[in-house]
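# Tertiary structure, described
Here is what each chain is made of, one letter per residue.
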Amino acid sequence: MAIGVPFSERYQAGSSLVHSMDARLKLLLALAYIFAATLTPVGHWLAFGLLAAPLVVAVAASRLPVLLVLRRSALALPFMVVAVPLLFTKDGDALFTLQPFGWTASEEGLAAVLTILTKSWLSVVAAIVLTATTPALELLRAMRALAVPRILVATVSFMYRYLFVIAEEAQRLLRARDSRSARLEGRRCGGSVWWRAGVLGHMVGSLFLRSYERSERVYAAMQARGYDGEPRFLQRSVWRLAEVVVAVAFVLYMAGVQVYARY
Amino acid sequence: MRATKVRAAVDTAIGIANLRFAYPDGVQALRGVDLTIAAGEKVALLGPNGAGKTTLLLHLNGTLRGKGDIRIVGQTLRDGSLKHIRAQVGLVFENPDDQLFSPTVFDDVAFGPLYMGLPKEEVLARVRLALAQVGMVGFEERLPHHLSLGQKKRIAIATVLSMSPAILALDEPFSSLDPSACRELMRLLQALPQTMIVSTHHIPIIRHLFPRTVVMDGGRVVADGDTEAILADTDLLEAHGLDVP
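Residues numbered from 1 in each chain as written. Chains lettered and ligands numbered in written order. Predicted model: local features only at pLDDT ≥ 70, side-chain atom pairs only at ≥ 80, totals over all residues.

The next point concerns the overall build of chain B. Per the secondary structure count, chain B includes 10 helices and 10 strands. For chain B, the C-alpha radius of gyration of 18 Å lies close to 18 Å, the compact-globule estimate for 245 residues. Taking the principal axes of its C-alpha atoms as reference, chain B extends roughly 50 × 45 × 40 Å. Buried positions account for 49% of the 245 residues belonging to chain B. A fraction of 67% describes how many contacts in chain B between residues 6 or more apart in sequence connect residues 24 or more apart. (Helix = DSSP H or I, 4+ residues; strand = E, 2+ residues; numbered from the N terminus. Rg over C-alpha atoms; globule rule 2.2 N^0.38 Å. Buried ≥ 20, exposed ≤ 12 C-beta atoms within 10 Å, placed from the backbone. Contact = placed C-beta atoms within 7 Å.)

Set out below in structure tokens:
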């Protein structure tokens, strides 16, 4: 019997305009958007504002809970950690000096850090809107329809299929451990941090081994049903004119922002 | 509910009152379970798939937390008593691969006592005793995932015996075992002194090992009483999709 749901789908069911849009278009637009955000010149804040506008419209139109979008967008935070050294390594007008180290921050460095943060945050939010309004299966079909190499699509689809299986397996291991994590009256429990870390490390290792062994079994089962290394998918559906028009307009808008930011 | 026996509250091992639980996906797995098991009793838990047997067992040591009242050996289960109760209830999962998470048999059997902070000699003694009880002495350095299913199931029981619990809660310990492994496990369970609640579908085993049977269906206890009386109630067993002996 399955016990509990370790984590939920990225997809948030809904019936908004964004939800019902062709998954292929959404995927293309999201990629185009990320591309545009990445290409925008450093420190061009007005251009970033113009780029943020359609994203705000998309979030509003998708009727996703804003809090959910913001919470998931915390995924962009690690990029900041990577970007922070730029603050001190870029040459330019001095802003302040971090005393014990004698590191000097520059205005150019600050602009670079903020730009990286803005770019990564906008890109992450675009990806969130895409994954929260498109069921994973639709997204995979869209990838296939857009001629993403089959082996890549197959890899992603297996990842999606077994992510939940492995997460459940991990949850059961943790559950077994917690079941035997007991306390006796008048005795300190829990062992040393090192011992507990060792136990956890072994659990991670055994999870990897099991996943690896499972992959061999799955592969054998696929071969038994005639898998020859080429996954096959059913083809589907036509493009809808209105959606294509919207998409083209959107791409033109983003191109316009890029042109404006440069000249 | 039929044939419920009234038991003295003094030496109650497990006392459950109006236990309700719904999984996060909305499935109502327990719909008000009442169950009292006296110390030293050996009880079989019978019921079709999805009846709520596993869910109930997972509540006995607080792995799942539903609404209602659970008392284990006189202690009410709540946040503060969770770890004390886990020393009392040895819960063995259906799939031993979930139960055994350490690189060697020794590490797995020693996990509970080590976590409880027992001194080294005591840990070694407990591991030795637990492995002797399940007849697996000499397997200390073996890798759990390379053992046979019957061996894994016995090691899984050893991992909780080493904690010297008052209660054993076993989820389908006999599933997928061959007849000889079944017989060995039966002998083992018969020899153990703990209070036991064991879910299983094997009628001959129930008859042989458990004087009392609890039948669950749809998240409720639908019958509870003398094993022979319940196994003789063909209508009851058929109504809940169970094997008629």
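There is more to say after this.
Turning our attention to the overall build of chain A. Counting its regular elements, chain A contains 11 helices and 2 strands. Here the C-alpha radius of gyration of chain A, 24 Å, is well above what a compact globule of 263 residues would show, namely 18 Å. Taken along the three principal axes of its C-alpha coordinates, chain A extends 70 × 65 × 35 Å. Residues classed as buried in chain A amount to 22% of the 263 residues present. Sequence-distant contacts, at least 24 apart, represent 74% of the contacts inside chain A between residues at least 6 apart.

Turning our eyes to something else, we now look at the packing of helix α3 (residues 45-62) of chain A against helix α7 (residues 107-133) of chain A. In a packed pair of helices, the relevant descriptors are the angle between the two axes and the axis-to-axis distance. Residue and element names in this part refer to chain A. Between α3 and α7, whose axes approach to 11 Å, the crossing angle comes to 20 degrees. The orientation of α3 relative to α7 falls into the category roughly parallel. As for how α3 packs across α7, the hand of that crossing is left-handed. Of the residues in α7, those touching α3 at Phe48, Leu51, Ala52, Leu55, Ala58, Val59 and Ser62 are Thr118, Leu122, Val125, Ala126, Val129 and Thr133. (Axes fitted to C-alpha atoms, helices over the stretch in contact; angles between N-to-C directions. Parallel < 35°, antiparallel > 145°, perpendicular 65-115°, else oblique. Left-handed = near helix turned anticlockwise from the far one by under 90°.)

Below, the discussion takes up the interface of chain B and chain A. Where interface size is quoted, it is often the accessible area lost as the parts come together. With 28 residues of chain B at the contact, the number on the chain A side is 26 residues. Every element with two or more residues in the side of chain B that touches chain A is listed here: α1 (53-60), α2 (82-88), α3 (96-99), α4 (105-115) and α6 (149-161) of chain B.

Attention now moves to the sheet that holds strand β2 (residues 28-38) of chain B. Residues and elements named next belong to chain B. Pairing is antiparallel across the open sheet formed by 4 strands, whose spatial order is β2-β1-β4-β5. Lying at the two open borders of the sheet, with one neighbouring strand each, are β2 and β5 (75-76). Pairing of strand β1 (residues 12-22) with strand β4 (residues 67-72), which is carried by 5 bridges, proceeds in the antiparallel orientation. Considered in β4, the bridge of Ala17 is made with Asp69. (Pairing = 2+ DSSP bridges.)

Before going further, it helps to spend a moment on the confidence of the model for chain A. Residue and element names in this part refer to chain A. The share of residues in chain A with pLDDT of 70 or more is 93%, and the mean pLDDT across the chain is 83. Across chain A, the secondary-structure element scoring lowest on mean pLDDT is strand β1 (residues 94-98), at 74, and the one scoring highest is helix α2 (residues 23-39), at 90. Ignoring residues within four places in sequence, the model shows residues 1-6, a span with pLDDT below 50, making 12 contacts including any to other chains. (pLDDT = per-residue confidence, 0-100.)

A few words now on α6(B). Residues and elements named next belong to chain B. Compared with an ideal rise of 1.5 Å per residue, which puts 13 residues at 18 Å, α6 spans 18 Å between its outermost C-alpha atoms and is within 8% of the ideal. For α6, a buried count of 11 out of 13 residues is recorded, marking the element as mostly surrounded by other parts of the structure. Residues of α6 that are buried: Gln151, Lys152, Lys153, Arg154, Ile155, Ala156, Ile157, Ala158, Thr159, Val160 and Leu161. Each element contacted by the buried residues of α6 is listed here: β6 (89-92), α3, α4, α5 (120-133), β7 (167-171) and α7 (179-191). (Expected span 1.5 Å × (residues − 1).)

What follows is about the sheet that holds strand β9 (residues 212-217) of chain B. Residue and element names in this part refer to chain B. With mixed pairing, the 6 strands of this open sheet are ordered in space as β6-β7-β8-β3-β9-β10. With partners counted over all chains shown, the strands left at the sheet margins are β6 and β10 (220-226), one partner each. Going from strand to strand, the sheet's axes swing by 15 degrees on average, the running direction of each strand aside. Relative to β6, α6 is tilted by about 160 degrees, and along the sheet it contacts β6 and β7.

Glancing now at the domain arrangement of chain A. All names here are of chain A. Split by domain assignment, chain A resolves into domain 1 (17-146 + 238-262) and domain 2 (149-178 + 201-226). Domain 1 and domain 2 are separated by 32 Å when their C-alpha centres are compared. Facing 4 residues of domain 1, the contacting portion of domain 2 comprises 4 residues. When the residues that make up the side of domain 1 that touches domain 2 are grouped by side-chain class, the tally is 3 nonpolar, no polar and 1 charged. (Domains from an automatic or database assignment. Nonpolar A, V, L, I, M, F, W, Y, C, P; charged D, E, K, R; others polar.)

What follows deals with the pairing of β10(B). All names here are of chain B. Judged from the 6 bridges that link them, β9 and β10 form a sheet pairing that is antiparallel. The residue of β10 that forms the bridge with Arg212 is Asp226. Hairpin remark: β9 followed by β10, antiparallel, with 2 residues in the connecting loop; positive phi at Gly218, about 55 degrees.

A word on the environment of Lys120(B). Residues and elements named next belong to chain B. Its location among the elements puts Lys120 in helix α5. A count of 10 C-beta atoms within 10 Å places Lys120 in the exposed class. For Lys120 and Leu57, which are 63 residues apart along the polypeptide, the C-alpha to C-alpha distance reads 31 Å.

In this structure, Ile14(B), Ala158(B) and Ala169(B) are the most contacted members of the largest nonpolar core, which totals 79 residues. In contact with Ala169(B), not counting residues within four places along its chain, are Leu57(B), Leu60(B), Val89(B), Gly90(B), Leu91(B) and Ile197(B). Counting 31 residues, the second largest nonpolar core, distinct from the first, contains Val59(A), Ala76(A), Leu122(A) and Ala142(A). (Core = buried A, V, L, I, M, F, W, Y, C linked by C-beta atoms within 7 Å.)

Turning to the confidence of the model for chain B, a few remarks are in order. Looking at chain B, the pLDDT average stands at 90 and 96% of residues meet or exceed 70. Across residues 1-9 of chain B, confidence stays below pLDDT 50; counting only partners more than four residues off in sequence or on other chains, it has 14 contacts.

All names here are of chain B. As for its position among the elements, Arg65 is in the loop between α1 and β4. Residue Arg65 is classed as partly exposed on the basis of its C-beta count, with 14 C-beta atoms lying within 10 Å. A sequence separation of 42 residues divides Arg65 from Tyr23, and the C-alpha atoms of the two residues are 10 Å apart.

Note on helix geometry: an α-helix contains 3.6 residues per turn, so any two residues three or four positions apart are oriented the same way. Residues and elements named next belong to chain A. Among all positions of helix α8 (residues 136-145), only Leu139, Arg141, Ala142, Met143 and Arg144 are buried. The elements touched by buried residues of α8 are α2 and α9 (150-179). Positioned one or two residues after α8, Ala147 has a phi angle of 65 degrees, which is positive.

This part takes up the pairing of β6(B). Residues and elements named next belong to chain B. Of the two faces of β6, the one holding Val89 and Leu91 and the one holding Gly90 and Val92 are both buried throughout. As judged from the 4 bridges shared by β6 and β7, these two strands associate in the parallel manner. Looking at the pairing, Gly90 lines up with Leu168 of β7.

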